[in-house]
Amino acid sequence: MSNLDAVIVDDLNEWRALVRESPDAASLNPIGIKEVVRGRGALETLPDVLERCGVDTGSVITVLSDTTRKRYKNDDVLDVVLDALRVTYRVEIVRIAPGPLASVVHADEVTVADAVENTRLGAPRGLVSVGSGTMVDIGKVVAHGLSIPHVVVQTAASVNGFADNQSVLLIDGVKRTTPSQWPDALVIDPWTVAEAPIAMTRSGLGDQLSMFSAAADWYLAGAVGFDTSYSATPVSMMRHDVDELVLLAHELGWGDQRAVDLLASCLTVGGLAMGVAGRTAPSSGTEHLVSHLLEMHGDALGVSTASHGSQVGASSVFASLVWRHVRQRLADGNVRVDASNIANYERVRGAFAHLDSSGAMAEECWKAYQRKSRWIRLHLDDINHVLDEWSTHEREFHQLLKSPEFVADTLRRAQAPLTFDQLDPVPDLEVVVWATTNCHLMRDRFTVVDLADLIGTWNPDDVAHLLAQQSMLAL
Ligand SMILES: [Zn+2]
């Protein structure tokens, strides 16, 4: 583990070389982020970071932040950032408050457009976004829109989306991954990241553990031919240091600075992996679909939901149970896909229509699912072929996946939620059943749930049985 007391500027050249020299380099994106600056006191070097990113001293920069106070030792992190920057830059501040009825900022169309326009008013030469997942997602879009360098000051090890070129935005109320812009630099200072509320750190572990079921979903999508972008390079990047992180789950759960720093480092490399893959697939499969639906439901009804990473953690346990369920079914043999199991418009609309009176969310989901369903209808033979040869893929799934017990135990040792009823706040059981049952109907990504549904092993009883198994893991 790194020496926390030294501020290290990592130029990421080792990762760049690994990507460049990988067998599938041609299909991967080069790493667009210039440097990661880490260690206690990293925040105070912000002017140097900006200068290295090409922002001339004396010019105007904008600091983008939400309205929540965050600790940096005994100070507020925003004050520390502003004090550091004002020595050499003229600083404008754009603060984003939660919308009416919301307790946290959402990256919806209006919020993002306002952030772009309010930042544009100051005509900045650079952008510094201060915050965790959503603020950084908005910052990436703002920097992209204004074509200016972007430095991210990460305030929590809560999600893995800091170091990549994608933003999760709300489009018509539906969570959508949207290409945006790599940050130029990422600043990770343990004096703020390890001071974040411990629930955020535990959430970061949950987001990190998505890598097992997500990578298996990505491989599956490639095996059936729906998405042929699968690459072992981002998958192996994603797993860098994860064994050590799992060993430190207990320390992580009470906020040990070294364990949190290791988590932040793993989340950074996870972000790089997604950027290199040009998609979130290395870390976003079934478990993220379930989480997206829980969040969408809460957003639509104005009900607060548990943090993204905590939902993803619990959903990762569920997803690994789904994987076991499907692999067992396939090992029994004699399985075919049944075209009558492909969801039609009425089923998709029926799943989402209650979320908004305009029907926009249901239409947005149908638009995405329809693309997938058309492809499935045309490729039933290809999917059946994969089922016929399932044993040849088993070795890969065995390597990519971890058991539900492993995922659950890691979360338990970090005192992170491993079942849906351990989330804070607890979602209603009927909402959990709805989110798990319908998760594959919201997006055009082929996952194990699509396969489960197509082979007729995704009935209400199946879902109930898996949720019951998940509850047993918490005993
Ligand atoms: Zn995530």
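Source: prediction; values computed, not measured.

Engineer: Help me out: how do you make sense of the overall build of the protein in this one?
Structural biologist: Counting its secondary structure elements, the protein contains 22 helices and eleven strands. For the C-alpha atoms alone, the extent of the protein along its principal axes is close to 70 × 50 × 45 Å. Counting every position in the protein, which comprises 475 residues, the buried fraction comes to 53%. Put simply, 81% of the contacts in the protein that link residues at least 6 apart link residues at least 24 apart.

Engineer: How should I be thinking about the nonpolar core in this particular structure?
Structural biologist: Nonpolar side chains tend toward joint burial in soluble globular proteins. Val81, Val187, Leu263, Val322 and Cys365 are the most contacted members of the largest nonpolar core, which totals 147 residues. Top element by residues in this core is helix α12 (residues 257–277). It accounts for 13 residues. Each of two domains, domain 1 (8–196) and domain 2 (279–473), supplies a minimum of three residues to this core. When near neighbours in sequence (up to four residues on either side) are disregarded, leucine 263 contacts Ala157, Thr201, Gly204, Leu205, Gln208, Leu245 and Leu252.

Engineer: Sorry if this is basic, but what is going on with the sheet that holds strand β7 (residues 126–131) here?
Structural biologist: Strands belonging to one sheet form pairs held by backbone hydrogen bonds; the direction of such a pair is parallel or antiparallel. Here we have seven strands laid out as an open sheet, ordered β1-β2-β11-β8-β7-β3-β6, and mixed in their pairing. The open sheet has two free edges, formed respectively by β1 (8–10) and β6 (90–96), since each of these has just one partner strand. Put simply, the sheet's adjacent strands are angled 20 degrees from each other on average, direction ignored. By the bridge criterion, five bridges tie β7 to strand β8 (residues 150–154) in an arrangement that is parallel. Looking at β8, one finds that valine 128 is bridged to valine 151.

Engineer: What should I look at first to understand the domain arrangement of the protein in this one?
Structural biologist: As assigned here, the protein comprises domain 1 (8–196) and domain 2 (279–473). Centre-to-centre separation of domain 1 and domain 2, based on C-alpha positions: 31 Å. Opposite the 15 residues of domain 1 that make contact, domain 2 presents 19 residues. Here the side of domain 1 that touches domain 2 is composed, by residue class, of five nonpolar, eight polar and two charged.

Engineer: Would you mind showing me how to read helix α3 (residues 77–86) here?
Structural biologist: Structural remark: α-helix, 3.6 residues per turn; residues separated by three or four positions point the same way. Within the span of α3, buried status applies to Val77, Leu78, Val80, Val81 and Ala84. Burial along α3 is one-sided: seen end-on, the buried residues are contained in an arc of 160 degrees. Those residues of α3 that are exposed and angled more than 90 degrees off the buried face are Asp79 and Arg86.

Engineer: Would you explain helix α7 (residues 198–208) in this entry?
Structural biologist: Taken across its eleven residues, α7 has nine buried, putting it largely inside the fold. Every buried residue of α7 is accounted for by Met200, Thr201, Arg202, Ser203, Gly204, Leu205, Gly206, Asp207 and Gln208. Elements in contact with the buried residues of α7: α8 (211–224), α11 (249–253), α12, α14 (308–331) and α19 (404–413).

Engineer: It is not clear to me how the packing of α7 against α12 should be interpreted in this structure. Could you clarify?
Structural biologist: Where α7 contacts α12, the axes come no closer than 10 Å and their chain directions differ by 40 degrees. When the axis of α7 is compared with that of α12, the two are oblique. In the crossing of α7 with α12, the sense of the turn from one axis to the other is left-handed. Every residue of α12 that contacts α7 at Thr201, Gly204, Leu205 and Gln208 is listed here: Val260, Leu263, Cys266, Leu267 and Gly270. Each residue belonging to the contact of α7 with α12 can be placed in one class, and the counts come to five nonpolar, four polar and no charged.

Engineer: Help me understand the pairing of strand β9 (residues 166–171), please; the structure alone is not making it clear to me.
Structural biologist: Regular strands show a simple pattern: their side chains alternate between the two faces of the sheet. Counting buried residues in β9 gives five out of six residues, a clear majority hidden from the surface. Bridge count between β9 and strand β10 (residues 174–179): six bridges; the pairing is antiparallel. Bridged to leucine 170 within β10 is lysine 175. Where β9 folds back on β10, the antiparallel hairpin that results is connected by two residues, among which aspartate 172 adopts a positive phi of roughly 50 degrees.

Engineer: Honestly, the packing of α14 against α19 in this entry has me stumped. Any pointers?
Structural biologist: Each pair of packed helices gets described by two things: the angle between the helix axes and the distance between those axes. Between α14 and α19, the shortest axis-to-axis distance is 8 Å and the interhelical angle comes to 165 degrees. The pairing of α14 with α19 is recorded here as roughly antiparallel in orientation. As for the relative orientation of α14 and α19, their crossing is left-handed in sense. Where α14 approaches α19, its residues Gly313, Ser316, Val317, Ser320, Leu321 and Arg324 are matched on the opposing element by Pro404, Val407, Ala408 and Leu411. Of the residues that constitute the contact of α14 with α19, the class distribution is six nonpolar, three polar and one charged.

Engineer: Help me understand unusual backbone geometry, please; the structure alone is not making it clear to me.
Structural biologist: It is generally the case that most residues other than glycine have a negative phi and that most peptide bonds are trans. Residue proline 425 is bonded to the preceding aspartate 424 through a cis peptide linkage, with omega at -5 degrees. Position of proline 425 relative to the elements: it lies in the loop between α19 and α20 (429–438). The phi dihedral of leucine 12 is positive, around 60 degrees, even though this residue is not glycine. Among the structural elements, leucine 12 can be located in the loop between β1 and α1 (13–20). On the neighbour-count criterion, leucine 12 (19 C-beta atoms within 10 Å) is partly exposed. Non-glycine residue glutamine 415 carries a positive phi angle of around 60 degrees. With respect to the secondary-structure elements, glutamine 415 resides in the loop between α19 and α20.

Engineer: Explanation requested: the environment of serine 231 in the structure shown.
Structural biologist: Of note, serine 231 is situated in the loop between α8 and α9 (232–238). For the pair formed by serine 231 and serine 132, sequence separation is 99 residues and the distance between their alpha carbons is 28 Å. Excluding anything up to four places from it in sequence, serine 231 contacts Asp24, Ser27, Leu28 and Ala277.

Engineer: How do you make sense of the environment of lysine 367 when you look at a structure like this?
Structural biologist: Examined against the element boundaries, lysine 367 turns out to sit in helix α16 (residues 360–378). Exposure remark for lysine 367: the 13 C-beta atoms within 10 Å place this residue in the partly exposed category. Along the sequence, lysine 367 and leucine 355 sit twelve residues apart, while their C-alpha atoms lie 16 Å from each other.

Engineer: Explain the environment of leucine 418 to me, please; I cannot follow it from the model alone.
Structural biologist: In this fold, leucine 418 is placed in the loop between α19 and α20. Sequence separation between leucine 418 and serine 316 is 102 residues; the distance between their C-alpha atoms is 8.5 Å. Aside from chain neighbours lying at most four places away, what touches leucine 418 is Gly313, Ala314, Val317, Ala408, Leu411, Arg412, Leu473 and Ala474.

Calculation criteria
- Residues numbered from 1 in each chain as written.
- Predicted model: local features only at pLDDT ≥ 70, side-chain atom pairs only at ≥ 80, totals over all residues.
- Helix = DSSP H or I, 4+ residues; strand = E, 2+ residues; numbered from the N terminus.
- Buried ≥ 20, exposed ≤ 12 C-beta atoms within 10 Å, placed from the backbone.
- Contact = placed C-beta atoms within 7 Å.
- Core = buried A, V, L, I, M, F, W, Y, C linked by C-beta atoms within 7 Å.
- Domains from an automatic or database assignment.
- Pairing = 2+ DSSP bridges.
- Axes fitted to C-alpha atoms, helices over the stretch in contact; angles between N-to-C directions.
- Nonpolar A, V, L, I, M, F, W, Y, C, P; charged D, E, K, R; others polar.
- Arc of directions from axis to C-beta.
- Parallel < 35°, antiparallel > 145°, perpendicular 65-115°, else oblique.
- Left-handed = near helix turned anticlockwise from the far one by under 90°.

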